Amino acid sequence: MSKIAIITGASRGIGREIAKQLAKSQIQVIANYNNSEKEAIQLKRELEKQNIIIDIVKADISKREEAQRLVEFVLKKYHKVDILINNAGISEYKIFTDETDEDWDRVINTNLYSAFIMSQEVIPSMVHHKNGCIINISSIWGMVGSSLEVLYSISKAGMNGMTKALAKELGPSNIRVNAIAPGAIDTAMNANLSREELEQLEEDTPLGRIGKPEDIAKCVTWLVEDTFTTGQVISVNGGWIIT
Ligand code: NAP
């Protein structure tokens, strides 16, 4: 039987590319989306043209009951979950003292609480099968911090801590937990950057370009196939920031 993978936030950007690459590697993909239904249907149709069938499931993964419903759907249909990619996320640019409690709830719930609840929901099945791979899509800002993105940096730093601690807890059950911490990747999340800012980023990056969703998806594909890497935060950033 194929491996079963849930990818959160797979309607657009990095998650969409991860869904495509895993689906093309004979993995049964369940692509989660929340608002972008049209894009999710397009992804399903695009893959169907290549005779690849995926499931698309709407769920706001910042809410426990919706995360539960998503995992229940997968367990009912496929009876296991081998791979969880916690990718869904939002950014927020604000002066720290302007951040509200509502901002805290929105950013932390979408970026960090979602990874906590989705992992909790899939782990019993992974433990039962003594096999699992969880990949958290974090950010370089979770490692080095970003001005005007304090909440975002907190959420991703939390994800990195969770990755390391959970890897220790789940290793004996043969479940690997890793994070990928991308640098600047060309998606809607960076649509606010001006041409000049993008050129500056390219100039500051040893590999001379900003990243593409494919760059992150390739690392995911490698981590999925790997057998001995766990508890690591791997920054895929073209050398832009080397810690
Ligand atoms: P994006 O193009 O804005 O896509 C974000 C995705 O997350 C969308 O598919 C969106 O789905 C989904 N999403 C957001 N809130 C959700 C929720 N409550 N429930 C379910 N899905 C939700 O962003 P991206 O650049 O691909 O980012 C993907 C991940 O990479 C994020 O975690 C981000 O922090 C991280 N990252 C990105 C960069 C970068 O430079 N782009 C750098 C470092 C890290 P809907 O539209 O369907 O709601």
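Structure: above.
Residues numbered from 1 in each chain as written. Predicted model: local features only at pLDDT ≥ 70, side-chain atom pairs only at ≥ 80, totals over all residues. Heavy atoms only, no water.

## A look at the site of the ligand
Around the ligand sit 30 residues in total, of which Ser36, Asn87, Tyr152, Thr187 and Asn190 are the nearest. Ala59 is positioned such that a nitrogen or oxygen atom in its backbone is 3.4 Å from a nitrogen atom of the ligand. A distance of 2.6 Å is found between an oxygen atom of the ligand and a side-chain nitrogen or oxygen belonging to Tyr152. If the ligand stood free it would expose 890 Å²; the protein chains cover 94% of that surface. Secondary structure elements with two or more residues in the shell around the ligand: helix 1 (13-24), strand 2 (28-33) and helix 6 (150-170). Looking at the shell around the ligand residue by residue, the class counts come to 12 nonpolar, 15 polar and three charged. (Near = heavy atom within 4 Å. Polar contact = N/O pair within 3.5 Å; in protein donor to acceptor, adjacent residues only side chain to side chain. Areas by Shrake-Rupley, 256 points an atom, 1.4 Å probe, with all protein chains shown as cover. Helix = DSSP H or I, 4+ residues; strand = E, 2+ residues; numbered from the N terminus. Nonpolar A, V, L, I, M, F, W, Y, C, P; charged D, E, K, R; others polar.)

## Observations regarding the nonpolar core
Residues Ile6, Ile30, Leu70, Met118 and Ile134 are the most contacted members of the largest nonpolar core, which totals 30 residues. Among the elements that line this core, the one with the most residues is helix 4 (residues 101-129), at eight residues. Here Ile30 is in contact with Ile4, Ala5, Ile6, Ile7, Asp55, Val57, Leu70, Val74 and Tyr78, once residues within four sequence places are set aside. Ranked by size, the runner-up nonpolar core spans 28 residues in total, among them Ala23, Leu43, Cys133 and Val224. (Core = buried A, V, L, I, M, F, W, Y, C linked by side-chain atoms within 4.5 Å. Buried < 20%, exposed > 50% of the residue type's maximum accessible area, 1.4 Å probe, protein only. Contact = heavy atoms within 4.5 Å.)

## Section: the state of the cysteines
All chains considered together, the criterion is met by zero disulfides. The structure places no disulfide on Cys133, whose sulfur is separated from the nearest cysteine sulfur, that of Cys219, by 11 Å. (Disulfide = S-S within 2.5 Å.)

## Section: the pairing of strand 2
Here strand 2 lies mainly inside the structure; six of its six residues are buried. Running through helix 1, the crossover from strand 1 (residues 4-7) to the neighbouring parallel element strand 2 is right-handed. Summarising the sheet, strand 2 and strand 3 (residues 55-58) pair through four bridges and their orientation is parallel. For Tyr33, the partnering residue across the bridge sits in strand 3 and is Lys58. The handedness of the strand 2 to strand 3 crossover, carried by helix 2 (residues 37-48), is right-handed. (Right-handed = clockwise from strand over helix to strand, strands pointing away. Pairing = 2+ DSSP bridges.)

## Remarks on the side chain of Thr205
Examined against the element boundaries, Thr205 turns out to sit in the loop between helix 7 (195-204) and helix 8 (213-225). Among the residues examined, Thr205 registers a relative accessible area of 5% and is labelled buried.

## Regarding the side chain of Asn32
Tracing the backbone shows Asn32 in strand 2. Overall, the relative accessible area of 2% leaves Asn32 in the buried class. One polar contact links the side chain of Asn32 to the main-chain carbonyl oxygen of Ala59, over a distance of 3.1 Å. Those residues in contact with Asn32, other than ones at most four positions away along the chain, are Ile7, Thr8, Gly9, Ala10, Ser11, Val57, Lys58, Ala59, Ile61 and Leu70.

## What to know about helix 2
Here helix 2 spans 16 Å end to end across 12 residues, near enough to the 16 Å set by a 1.5 Å rise per residue. By the burial criterion, the buried members of helix 2 are Ala40, Leu43 and Leu47. End-on, the buried residues of helix 2 take up no more than an arc of 55°, which puts them together on one face. Turned more than 90 degrees away from the buried face of helix 2 sit Lys38 and Arg45, all of them exposed. Buried residues along helix 2 sit against helix 1, strand 2 and strand 3. (Expected span 1.5 Å × (residues − 1). Arc of directions from axis to C-beta.)

## Points about the pattern of salt bridges
One pass over the full model with this rule turns up 15 salt bridges. With its nearest N and O atoms 2.5 Å apart, the salt bridge here joins Glu92 to Arg106. On the criterion of sequence distance, the pair formed by Glu92 in the loop between strand 4 (83-86) and helix 4 and Arg106 in helix 4 is long-range, its members being 14 residues apart. A residue is classified by how much of its surface remains accessible, and Arg106, at 37% relative accessible area, is partly exposed. Connected via shared salt-bridge partners are Arg16, Glu17, Lys20 and Glu46. (Salt bridge = Lys/Arg side-chain N within 4 Å of Asp/Glu carboxyl O.)

## As for the pairing of strand 6 (residues 175-180)
Most of strand 6 is tucked away, with six of its six residues classed as buried. Of the two faces of strand 6, the one lined by Ile175, Val177 and Ala179 and the one lined by Arg176, Asn178 and Ile180 are each fully buried. Relative to strand 6, strand 5 (residues 132-137) is paired through six bridges, and the arrangement is parallel. Following the sheet pairing, Asn136 is matched in strand 6 by Ala179. With two bridges joining them, strand 6 and strand 7 (residues 233-234) adopt parallel strand pairing.

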